[in-house]
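Architecture and fold: a report
These are the residues of each chain, in order.
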Amino acid sequence: KCCIVRYEVSVGKRTGGPPQTQVIMGRIFPDAAASSRFLDRLAPFEHLAGSHPDLGVFTSTFAEIAPLRMVVYPFPIDPDLPALLPATDPSTMDSILRSVLDARDCNDHSLWDIEVVDYGRHGRCTLRYELTCRQPGTETDRRLTIYGKLTSDGSGSNTAAALRALLARRAEGQASRSHSRTARL
């Protein structure tokens, strides 16, 4: 058990330029032993976070504030949602989306924004990916929006099953205007 807090801070870049807004997560524990155990859970993220573009401003990806029994770390690090780190990395998601998009609908794309739609207190996050998509045989670009849902309790598989059911109904000729594909990280 712990108390989870979030801070929105303005962080200056080491190379200069305008500061960026960053969400810093904090977990406050009932005792030092629990805080130490949580630090152990964060350790694998140290090497994974190094290439993430949002984390380049930090010299360390997590820290302990011992007198408060608090551990702080920047979004998108979340040991309860380990896939959040790659899901918010544009280069990782670009290759995943490339493998999921149907070449008949989109033969070339550029990912230009990843936005957090909902990041609840614990164990779930919904992301929105905005792309520019080139339609095959044309010079026409269109905007494409894709949503991603991450969960720590496996309920994301319910979403995938519901989307498959909608696609099956559509294939049977029943009314549905949704067009979707699913991919798993």
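First, a word on scope: everything that follows refers to the structure included in this document. A quick note: this is a predicted structure, and the numbers were derived from the prediction, not measured.

1. Describing the pairing of strand 7 (residues 141-151)
Across eleven bridges, the pairing between strand 6 (residues 124-134) and strand 7 is antiparallel. Bridged to Arg128 within strand 7 is Tyr147. Where strand 6 folds back on strand 7, the antiparallel hairpin that results is connected by six residues, among which Gly137 adopts a positive phi of roughly 75°.

2. Here's the deal with the sheet that holds strand 4 (residues 70-74)
The antiparallel open sheet is built from four strands, whose spatial order is 1-2-4-3. Two strands lie at the open edges of the sheet, namely strand 1 (3-11) and strand 3 (63-65), each paired on one side alone. Within this sheet the neighbouring strands show an average axis-to-axis angle of 30°, counted without direction. Pairing geometry for strand 2 (residues 20-28) and strand 4, over five bridges, is antiparallel. Note that in strand 4 the partner of Arg27 across the bridge is Val71. Lying on the sheet, helix 1 (residues 32-42) is in contact with strand 2, strand 3 and strand 4; it crosses strand 4 at an angle near 20°.

3. Section: the environment of Ala34
Residue position: Ala34 is located in helix 1. By relative accessible area, which is 11% here, Ala34 ends up buried. Residues Ala34 and Met70 lie 36 residues apart in sequence; the distance between their C-alpha atoms is 9.7 Å.

4. As for the packing of aromatic side chains
Note on aromatic pairs: each is described by the distance of the centres and the angle between the planes. Tallying each qualifying case throughout the model produces three aromatic pairs. Taking 5.7 Å as the distance between ring centres and 45° as the angle between the ring planes, the aromatic pair formed by Phe38 and Tyr73 counts as tilted. Separated by 35 residues along the polypeptide, Phe38 in helix 1 and Tyr73 in strand 4 bring together distant segments of the chain. On the basis of an interplanar angle of 65° and a centroid distance of 5.1 Å, the ring pair of Phe75 and Tyr119 is categorised as edge-to-face.

5. A word on the nonpolar core
With 40 residues, the main nonpolar core has Ile77, Leu84 and Tyr129 as its most contacted residues. Ranked by the residues each element gives to this core, the list is headed by strand 6, at five residues. Excluding residues that lie within four positions of it along the chain, Ile77 makes contacts with Leu42, Phe45, Ala49, Leu55, Thr61 and Leu85.

6. Some points on the sheet that holds strand 5 (residues 108-119)
Strands sit in the order 5-6-7 across an open sheet of three strands; the sheet is antiparallel. The open sheet terminates on both sides in strands that have one partner only, identified here as strand 5 and strand 7. With strand direction ignored, the average angle separating the axes of adjacent strands in the sheet is 20°. Summarising the sheet, strand 5 and strand 6 pair through ten bridges and their orientation is antiparallel. Within the sheet, the bridge partner assigned to Asp108 lies in strand 6 and is Arg134. Across the face of the sheet, helix 4 (residues 90-100) comes into contact with strand 5, strand 6 and strand 7 while running at roughly 115° to strand 5.

Thresholds, definitions, all that
Residues numbered from 1 in each chain as written. Predicted model: local features only at pLDDT ≥ 70, side-chain atom pairs only at ≥ 80, totals over all residues. Heavy atoms only, no water. Pairing = 2+ DSSP bridges. Helix = DSSP H or I, 4+ residues; strand = E, 2+ residues; numbered from the N terminus. Axes fitted to C-alpha atoms, helices over the stretch in contact; angles between N-to-C directions. Contact = heavy atoms within 4.5 Å. Buried < 20%, exposed > 50% of the residue type's maximum accessible area, 1.4 Å probe, protein only. Phe/Tyr/Trp six-rings, centres within 6.5 Å; stacked < 30°, edge-to-face > 60°. Core = buried A, V, L, I, M, F, W, Y, C linked by side-chain atoms within 4.5 Å.

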